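Residue-level structural notes
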Amino acid sequence: IVIGPRERSPLPISRHKTMRHDLEVGDYSIYGFHTHDLPGIIVKHMTPGELADIVRWSTEQFDRDLQLMVFYRFRRIIVEDPSNSIQRQKSINGVRTDEIRRLLVTTEVLGDIPVTLGGDALACGRMLEAWFSLFRWKVNDDPSCCFVSPPESCGDPLIGPTDW
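Calculation rules
Residues numbered from 1 in each chain as written. Predicted model: local features only at pLDDT ≥ 70, side-chain atom pairs only at ≥ 80, totals over all residues. Heavy atoms only, no water. Patch = residues over 30% accessible without salt bridge, like charges linked within 9 Å, V, L, I, M, F, W, Y side chains within 5 Å. Areas by Shrake-Rupley, 256 points an atom, 1.4 Å probe, with all protein chains shown as cover. Salt bridge = Lys/Arg side-chain N within 4 Å of Asp/Glu carboxyl O. Helix = DSSP H or I, 4+ residues; strand = E, 2+ residues; numbered from the N terminus. Buried < 20%, exposed > 50% of the residue type's maximum accessible area, 1.4 Å probe, protein only. Lys, Arg positive; Asp, Glu negative; His and termini not counted. Polar contact = N/O pair within 3.5 Å; in protein donor to acceptor, adjacent residues only side chain to side chain. Contact = heavy atoms within 4.5 Å.

What follows is about a nonpolar patch on the surface. Together, Val-105, Val-109 and Leu-110 make up a nonpolar patch on the protein surface, roughly 340 Å² of accessible area in all. Along the chain, Val-109 turns up in helix 4 (residues 97-109). Judged by relative accessible area, Val-109 falls into the exposed class, the value being 61%.

Here is the structure:
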């Protein structure tokens, strides 16, 4: 699994090898599928605080990320929210949670980018690993797709769905 340089607090990943590598968008990908060339895969990891900042300041980086993510075959935003604050609290960092929920719904419906509320970091990491394993399994069944080998120092960063 490729972890982008903007990811400051990587999710715990135990079933796959990881490596840091530049990503044009998002925080996680599979080596060889980390560009928007089909059948690309990208996952953006966010927290409720980051979403509140986007609502408050409407960041250009987030808008740019959404525009680039639509070119990937598999794209997701996973929100790490262990206390379910987006659903339970009235505000986060001074931003009403209904505005955060509106941002997520708009991203999913109008932006065509699925959003998953993933719970704590461990649950988000396991979900990420499951997505990537299933993606790899699906691509391996498609003879028109092929994997790019990661650098030797990385070892084999990918496992099949029967291994988890």
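Resuming the write-up.
Here the focus is the side chain of Asp-27. Within the fold, Asp-27 resides in the loop between strand 2 (19-20) and strand 3 (28-29). Nearest to the buried, unbridged Asp-27 among oppositely charged side chains is Lys-44, at 4.5 Å. Polar side-chain contacts of Asp-27 include one of 2.8 Å to the backbone nitrogen of His-45. Here Asp-27 is in contact with Val-2, Ile-3, Gly-4, Arg-6, Glu-7, Val-43, Lys-44 and His-45, once residues within four sequence places are set aside.

If you walk through the whole model with that rule in mind, you get ten salt bridges. A salt bridge links Asp-98 to Arg-96, with the shortest nitrogen-to-oxygen separation between them at 2.8 Å. Residue classification places Arg-96 among the partly exposed residues on the basis of a relative accessible area of 46%. Between Arg-102 and Asp-98 there is a salt bridge; the shortest N-O distance is 4.0 Å. Residue Arg-102 and its partner Asp-98 are both found in helix 4; the two are separated by four residues, about one turn of the helix. On the basis of relative accessibility, which here comes to 27%, the residue Asp-98 falls in the partly exposed class. When salt bridges that share partners are traced, they join Arg-6, Lys-44, Arg-64 and Asp-65 into one network.

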